[in-house]
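What follows is each chain in one-letter form.
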Amino acid sequence: MNPWAALSALCVGFLLIMMDTTIVSVAIPGMLTDLHADLNQITWVNSVYLLTYAVPLLVAGRLGDRLGRKPVFLAGMAVFTAASLWCGMSDSVGMLITARAVQGVGAALMAPQSMAFITVLFPQSRRGAALGVWGAVAGVATVLGPLVGGLLVDTAGWEWIFLINVPIGVIGLCMTVWLVPGGQPRHSRSFDLLGTALSGLGLFALVFGLQNGQHYDWGTVFGPATVTHVIVAGLVLLLAFVGWQYRNKREPLMPLALFGRRNFSAAALAAASIGFALTGLYLPLILFLQSVLGLTPQETGFLLVPMAVAGGVAGPLAGALSDRVSGKWIVLTGFVLFAAGIGMLALVAEPGASPWLVGVALFVSGTGSGSAFAPMANVAMGGLPPTLLGAGSGTYNSIRQVGSVIGSAATSVLLQAQLSASLRSSTADAAAGLPPGPRQEFTDGMNRTGELSEGVGAAPPALAGDLADLARRTFDRALADAAGATLALLVAVLAVGAAACLVMAPRAPKTPGTSARTTRDEDVATAGERRPLDAR
């Protein structure tokens with residue numbers, strides 16, 4: 001059994017999972033028109049995927065322990081592939097949201113199995129290199145989504161951003177059957193149904209409240225329940241989930257003992273912050289590039305190539321390097337570069353900005369995210385005993401995805417709020433120099449624009465002559481300001497992740513007589529866990 005061949009099959013599934021977290025962003029303008037939807041509905045097309053991906057991850061890790069990682073991975077890929085076909089055939093935004101929810105469940109079944117497989121297939125001394133490839137796939141896939149999406153939207157239509165998954169998924173299924181080992185010990189696991197319900201309902205309430213706050217004007221949602229009530233209910237349910245995990249001594253869904261390990265806790269917080277930033281980046285970026293700079297979806301995709309290339313090169317190098325030096329410093333360097341790249345984007349987010357400057361900023365961002373992703377996983381999983389691999393992988397991936405879900409919702413809300421405020425301010429400034437008649441016409445038109453699609457995704461009003469040019473410039477100015485403010489939020493979140501990196505314990509220095517023994521012990525333990533896998 002060749003572990004690298006098995007890894008290639010696992011990476012096909014992980015490529016699909018991560019690519020579909022961002023591929024929708026480049027198709028937003030087309031979906032708004034073709035599906036007669038507003039931005040809040042289209043944002044749910046992405047957020048519902050992230051949500052149904054995040055919630056079952058903890059259970060999916062345990063399913064892999066109980067039923068076997070290979071059959072659960074295959075089931076997840078089959079569900080994901082079938083749901084992708086459903087997405088491509090959808091003719092309404094409601095049907096598309098439903099299909100994306102099912103797609104997220106398929107992704108949740110795959111993700112923890114791929115990471116747990118790596119920790120079993122590769123000994124500790126080579127695990128960093130393997131996780132480097134895995135991390136590079138994640139980094140490239142998140143950028144490949146808008147790139148491939150742009151090409152498909154321009155040439156075939158937005159439906160094909162989902163239909164392309166079908167042949168890739170079939171290939172991945174065949175590769176997994178042939179290349180991934182199937183024999184492994186299966187453990188009798190109980191399922192924490194109460195924990196699953198508390199975590200799922202809590203996450204849903206929190207994300208629903210955050211994402212729909214602007215839609216409900218932060219007021220009443222139904223009956224006496226307000227947006228604030230929904231968010232608070234979500235937080236209370238999540239706190240109850242943590243309390244139940246503490247009290248559940250049998251087999252909790254998320255063993256709190258994991259967080260007694262300093263590196264796991266720090267890496268999990270860092271993973272949440274990078275998930276937040278990676279997912280939150282694309283909505284303000286794509287709208288800025290297409291609506292303000294006037295790039296086509298295909299041109300937008302090509303502009304993201306530097307980020308994909310940088311992440312693809314940096315990931316394997318950083319992963320291999322983490323086998324030799326402390327992953328702490330590699331991850332920290334990646335966070336600093338990622339934050340610097342997004343900070344550059346925030347600074348150049350102006351009407352008329354040079355696409356070349358945007359490309360440089362994206363290159364820096366890709367280098368940073370690629371450098372951080374793989375070593376961060378190595379830090380989190382390194383040293384976990386075999387009995388905690390499934391739970392550790394599921395918990396780590398779940399926390400990263402929770403960060404992604406909240407990032408998607410938070411950036412959408414902030415972008416909508418900032419655009420609404422910027423439109424009012426820019427409209428007042430632009431209208432000040434107009435005569436009374438045109439001033440009222442211009443102001444009324446811009447106010448209507450601010451009410452459409454929660455303020456984002458609407459076009460400048462249909463005005464004549466000079467007023468049309470002024471409306472276009474005012475709208476572009478407001479959207480650029482809103483995008484810059486939203487990107488600044490991501491820099492702040494990455495700063496939190498960088499602080500978490502500082503808490504990580506550096507690798508102990510190698511000394512004669514200890515390092516060799518430690519390495520042998522780790523490899524023997526890994527081999528012992530790996531040996532049953534080799535049996536076909």
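Residues numbered from 1 in each chain as written. Predicted model: local features only at pLDDT ≥ 70, side-chain atom pairs only at ≥ 80, totals over all residues. Heavy atoms only, no water.

1. Topic: the overall build of the protein
Okay, step 1: Each helix and strand counted, the protein has 20 helices and two strands in total.
Okay, step 2: Within the span of the protein, comprising 536 residues, buried residues form 58% of the whole.
Okay, step 3: Long-range contacts, defined here as pairs at least 24 residues apart, represent 84% of the contacts in the protein between residues at least 6 apart.
Okay, step 4: By element, 67% of the accessible surface of the protein is carried by carbon and sulfur atoms, the whole surface being about 19800 Å². (Helix = DSSP H or I, 4+ residues; strand = E, 2+ residues; numbered from the N terminus. Buried < 20%, exposed > 50% of the residue type's maximum accessible area, 1.4 Å probe, protein only. Contact = heavy atoms within 4.5 Å. Areas by Shrake-Rupley, 256 points an atom, 1.4 Å probe, with all protein chains shown as cover.)

2. With respect to the packing of aromatic side chains
Okay, step 1: Within this structure, the stated rule accounts for five aromatic pairs.
Okay, step 2: Ring centres 5.7 Å apart and planes at 75° place the aromatic pair F259 and F264 in the edge-to-face group.
Okay, step 3: Note on F259: relative accessible area 30%, which makes it partly exposed.
Okay, step 4: Its guanidinium or amino end placed over the ring of Y49, R100 lies 4.3 Å from that ring's centre, counting from NZ or CZ. (Phe/Tyr/Trp six-rings, centres within 6.5 Å; stacked < 30°, edge-to-face > 60°. Lys NZ or Arg CZ within 6 Å of the ring centre and 35° of its normal.)

3. Regarding the environment of G319
Okay, step 1: Note that G319 resides in helix α14 (residues 305–321).
Okay, step 2: On the accessibility criterion, G319 (0% relative accessible area) is buried.
Okay, step 3: When the C-alpha positions of G319 and R126 are compared, they lie 9.5 Å apart, and in sequence the two are 193 residues distant.
Okay, step 4: In this structure, G319 is in contact with G128, A129, G132, A374 and P375, ignoring residues within four places of it in sequence.

4. Concerning helix α12 (residues 262–292)
Okay, step 1: In a regular helix each residue adds 1.5 Å, so 31 residues correspond to 45 Å; α12 covers 44 Å between its end C-alpha atoms and thus fits that length.
Okay, step 2: For α12, a buried count of 26 out of 31 residues is recorded, marking the element as mostly surrounded by other parts of the structure.
Okay, step 3: A positive phi of about 75° marks G294, the residue just after α12. (Expected span 1.5 Å × (residues − 1).)

5. Regarding the pattern of salt bridges
Okay, step 1: Inspection of the entire model under this criterion finds three salt bridges.
Okay, step 2: R477 serves as the salt-bridge partner of E350, at 2.6 Å between the closest nitrogen and oxygen. Of this pair, E350 sits in the loop between α15 (327–348) and α16 (355–381) while R477 sits in helix α19 (residues 465–503); the two residues are 127 residues apart in sequence, bridging distant segments of the chain.
Okay, step 3: On the basis of relative accessibility, which here comes to 34%, the residue E350 falls in the partly exposed class.
Okay, step 4: Between R477 and D481 there is a salt bridge, with the nearest N and O atoms lying 2.7 Å from each other. Of the two residues, R477 and D481 both sit in helix α19, four residues apart, roughly one turn of that helix.
Okay, step 5: A relative accessible area of 31% places D481 in the partly exposed class.
Okay, step 6: A network of salt bridges, in which partner residues are shared, links E350, R477 and D481. (Salt bridge = Lys/Arg side-chain N within 4 Å of Asp/Glu carboxyl O.)

6. Overview of the confidence of the model for the protein
Okay, step 1: Averaged over all residues, the pLDDT of the protein equals 81, while 87% of them reach at least 70.
Okay, step 2: In the model of the protein, helix α20 (residues 515–534) stands out as the element of lowest mean pLDDT, 39, in contrast to helix α5 (residues 69–89), which has the highest, 94.
Okay, step 3: Here residues 451–455 scores under 50 on pLDDT; set against residues more than four positions off or in separate chains, the count is 13 contacts.
Okay, step 4: Across residues 508–536, where pLDDT falls below 50, the model places 35 contacts with residues more than four positions away in sequence or in other chains. (pLDDT = per-residue confidence, 0-100.)

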